[in-house]
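Chain by chain, the residues:
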Amino acid sequence: MLSARTGSALSACPRTGGRTACATIVPVPTEAQSPHRTYTDRRAAAQADLTELDRVSARYANLRTVAFVTALVIAALTLMGRLPKPWWWAAAGALAVYGVLAVLHHQVFLKEQRARLFVLLNERGLARLEGGWHAFTETGERFLSPNHLYATDLDVFGQGSLFQLINETATRAGEERLAAWLSAPATAETVVTRQGAAQELAPRVDFRQDLCVDARVVAKDKADPALFIQWAEAGPSLDAIRWARPLAIVLPLVTLTLFILGTVGVIPDSVVWVGLLAQLGIAVATRRTLRQMDEAVERGERGFVRYASLFERVEKQPFEHPRLKQLQSGLRAQGGPPVSVLFQRFSRLYSLIEFKRHQFHPLVHWLTLWDIHALFALESWRAAHGRDVRQWFEGLAELEALCCLGGLAHDRPDFTWPQLQAQGPSVEATALGHPLLDAPVPNDVSLPGPRHALLITGSNMSGKTTLMRALGANVVLALAGAPVSAASFRLSPVQVLTSMRVKDSLERGVSYFHAEVLRLKMVLDAAAAAKGQALFLLDEILLGTNTRERQIASREVLRLLLASGACGAVTTHDLSLAVLADEPGSHVVNVHFRDHLEDGKMVFDYRLRQGVVDTTNALRVLRLAGVPVNDPDAPAS
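Residues numbered from 1 in each chain as written. Predicted model: local features only at pLDDT ≥ 70, side-chain atom pairs only at ≥ 80, totals over all residues. Heavy atoms only, no water.

(A) Focus on the packing of helix H8 (residues 244-263) against helix H14 (residues 370-385). Between H8 and H14, the shortest axis-to-axis distance is 10 Å and the interhelical angle comes to 135°. Taken together, the axis directions place H8 and H14 in an arrangement best described as oblique. Crossing of H8 against H14: the hand is left-handed. Residue-level inspection shows Ala244, Arg245, Ala248 and Ile249 of H8 in contact with H14, the latter providing Ile372, His373, Phe376, Ala377 and Ser380. The residue inventory of the contact of H8 with H14, partitioned by class, reads 6 nonpolar, 2 polar and 1 charged. (Axes fitted to C-alpha atoms, helices over the stretch in contact; angles between N-to-C directions. Helix = DSSP H or I, 4+ residues; strand = E, 2+ residues; numbered from the N terminus. Parallel < 35°, antiparallel > 145°, perpendicular 65-115°, else oblique. Left-handed = near helix turned anticlockwise from the far one by under 90°. Contact = heavy atoms within 4.5 Å. Nonpolar A, V, L, I, M, F, W, Y, C, P; charged D, E, K, R; others polar.)

Following this line, the structure appears as structure tokens:
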């Protein structure tokens, strides 16, 4: 099995029996540098750039001060008569120099902003490698749902989650796309497509970071294109005043002509007021409609006028994978210019609307009917391109999500790309580890077909639940298109179903046992709906009732799940369930974890072993915690 940083092509084509989905993943060049070295070097380079830009900024600040003071002194001396009047031109020149310096200084500020973001991104990269990612503020908690089939139990969202680890999106749409991929399994074909695209993006640290920085530069907070898409897809807003558009073109020209004729004495000077009053009437009559349109544009814009550079970066990137090329080709209007060019035009049109903030705007609008021209021009842009805006941002969102998968592959070179099988359900892994642990103990897991199950017994704290979560979390990653923590990993598309962190609810009047029963009913229904293409992971089920009924109910729940054709794993302390493995035709396998004593202390090796556990440790755990319990079955000393 190849690692996540392999330089060879991954061919997933039919084996004997035709169980494997056929596809070839684009090869990725091998990088010599470790991820830690890459991020360290890039952070150092960004910090060096920032230091140099700080020096340049200080020089510009000093030069601007000199230019302004020079203009002020010359103007004062000229005003007091100490200098001849032609020196006013020198003062104006000094002010012009000040203006040029201000523009250049602003460009330095923008470069400093980018450099700081690059420093931050590479520090985040190092944090992922060193365990500091737990401090990342974007945990994806807003995507949590108590009724989700696995997200809460497998730490997909929330503090210490898969989402918190791999998310490096810069827009809300990208964040939601990544969350959607982690929330539902994709088809085998889709998974292989995402794998290939992510493999190509993994070593392209420059592009991935440039894309993220470009998006974060244009918006202070994470940009959400939803309102902009809503505005773009809305119907015409100016139909009620469409009559005013030709008048807005003709009337100012007529008024200007009347002014010129009055100035040269051809007509009385006062005639120009006819035109001005007519324009004032049009301005008043169209005011409400124009204001509504302006407010709608302003609500939706939120920085997207500056997205041209971001789309341009994607357009110019030389992609090889077919899906990446397809996303790139989607950023071009049908038979028209690239999206970046269209956004540049939108930016120019929006700047005309922004003129309303200028103190002379009322006068200019009266004389030229400025807002009518500007908003009708923007309406024309929307009519021509509004229906394509959703596609542009959906393509960008998918690219962001793919960059996150590629980033995980880059940061975890020991992860592997899963192989997809067409027939299932099945999950087989060697050296499986938990993707959220820094140094997981690897174990092999085999669920080769329908109705196969692992019955996991073991002492407390020995690793039973962690193994199930490792299996579930890696399946979630695999079916999102990401690499996984294993030496090899083969699976079919399955619906993951879990029952691990059941909670009671005083507010809803639901006891722990009732909550667990409801959860198990949801798991059973989902397994039936998936027609057996499911992986169930059940942890110590039905603890809220007596031992006899728990044993009976647990056996029946497991039989029902296996009867649906699903495969999975169950942890239990009820050793009586082990007899399920002895039933005729059973595919249930008993495995266990154990502990041992060293110098009076419990030691765990977290290794999965065949068979049923033959030791317990509950009383030892209580005694080590300071609870004085006696074992009545212990031999007398």
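That was the structure; now back to the text.
(B) Local environment of unusual backbone geometry. Residue proline 425 follows glycine 424 across a cis peptide bond; omega there is 10°. Following the sequence through the fold, proline 425 ends up in the loop between strand S3 (419-420) and strand S4 (427-432). The backbone of aspartate 155 sits at a positive phi, close to 55°, despite the residue not being glycine. Mapping aspartate 155 onto the fold places it in the loop between helix H2 (87-130) and helix H3 (162-166). Phi angles above zero are rare outside glycine, and tyrosine 606 is one such case at about 55°. Structurally, tyrosine 606 can be placed in the loop between strand S13 (601-604) and strand S14 (609-610). Judged by its relative accessible area of 36%, tyrosine 606 falls in the partly exposed class. (Buried < 20%, exposed > 50% of the residue type's maximum accessible area, 1.4 Å probe, protein only.)

(C) Broad picture of the pairing of strand S6 (residues 452-458). Along S6, 7 of the 7 residues are buried, which leaves the element largely enclosed by surrounding structure. Side chains of S6 alternate between two faces, with His452, Leu454, Ile456 and Gly458 and Ala453, Leu455 and Thr457 buried alike. When S6 meets strand S11 (residues 587-593), the two strands line up parallel, connected through 7 bridges. Within the sheet, the bridge partner assigned to alanine 453 lies in S11 and is valine 588. With 4 bridges connecting them, S6 and strand S10 (residues 567-571) associate as parallel partners. Among the inter-strand pairings, isoleucine 456 is bridged to a residue of S10, identified as threonine 571. (Pairing = 2+ DSSP bridges.)

(D) Local environment of the sheet that holds S4. The strand order S3-S7-S4-S5 describes an open sheet built from 4 strands, whose pairing is mixed. In this open sheet, the two edge strands, each paired with only one partner strand, are S3 and strand S5 (443-447). Alignment of S4 against S5, held across 4 bridges, turns out to be antiparallel. When the sheet's bridge partners are listed, glutamate 428 is paired in S5 with serine 446.

(E) Expanded view of the pattern of salt bridges. Taken as a whole and judged by the stated rule, the model has 30 salt bridges. A salt bridge links arginine 172 to glutamate 175; the shortest N-O distance between them is 4.0 Å. With arginine 172 and glutamate 175 both in helix H4 (residues 172-183), this residue pair falls 3 residues apart, about one helical turn. Its relative accessible area of 30% is what places arginine 172 among the partly exposed residues. We classify glutamate 175 as buried; its relative accessible area is 6%. Beyond isolated ion pairs, a larger network of salt bridges with shared partners links Asp294, Glu298, Glu354, Lys356 and Arg357. (Salt bridge = Lys/Arg side-chain N within 4 Å of Asp/Glu carboxyl O.)

(F) View of the packing of aromatic side chains. Enumeration over the complete set of coordinates arrives at 23 aromatic pairs. Taking the centre distance of 6.4 Å and the plane angle of 65° together, the rings of phenylalanine 343 and phenylalanine 346 count as edge-to-face. Of the two residues, phenylalanine 343 and phenylalanine 346 are both situated in helix H12 (residues 339-354); the distance of 3 residues between them amounts to about one turn of the helix. A relative accessible area of 0% places phenylalanine 343 in the buried class. Look at phenylalanine 346 and you get buried, because its relative accessible area is 0%. Following the ring pairs from residue to residue traces out a cluster consisting of Phe228, Trp231, Tyr307, Phe311, Phe343, Phe346, Tyr350, Trp381, Trp392 and Phe393. Over the face of the ring belonging to tryptophan 181 we find arginine 194, whose NZ or CZ atom lies 3.9 Å from the ring centre. (Phe/Tyr/Trp six-rings, centres within 6.5 Å; stacked < 30°, edge-to-face > 60°. Lys NZ or Arg CZ within 6 Å of the ring centre and 35° of its normal.)

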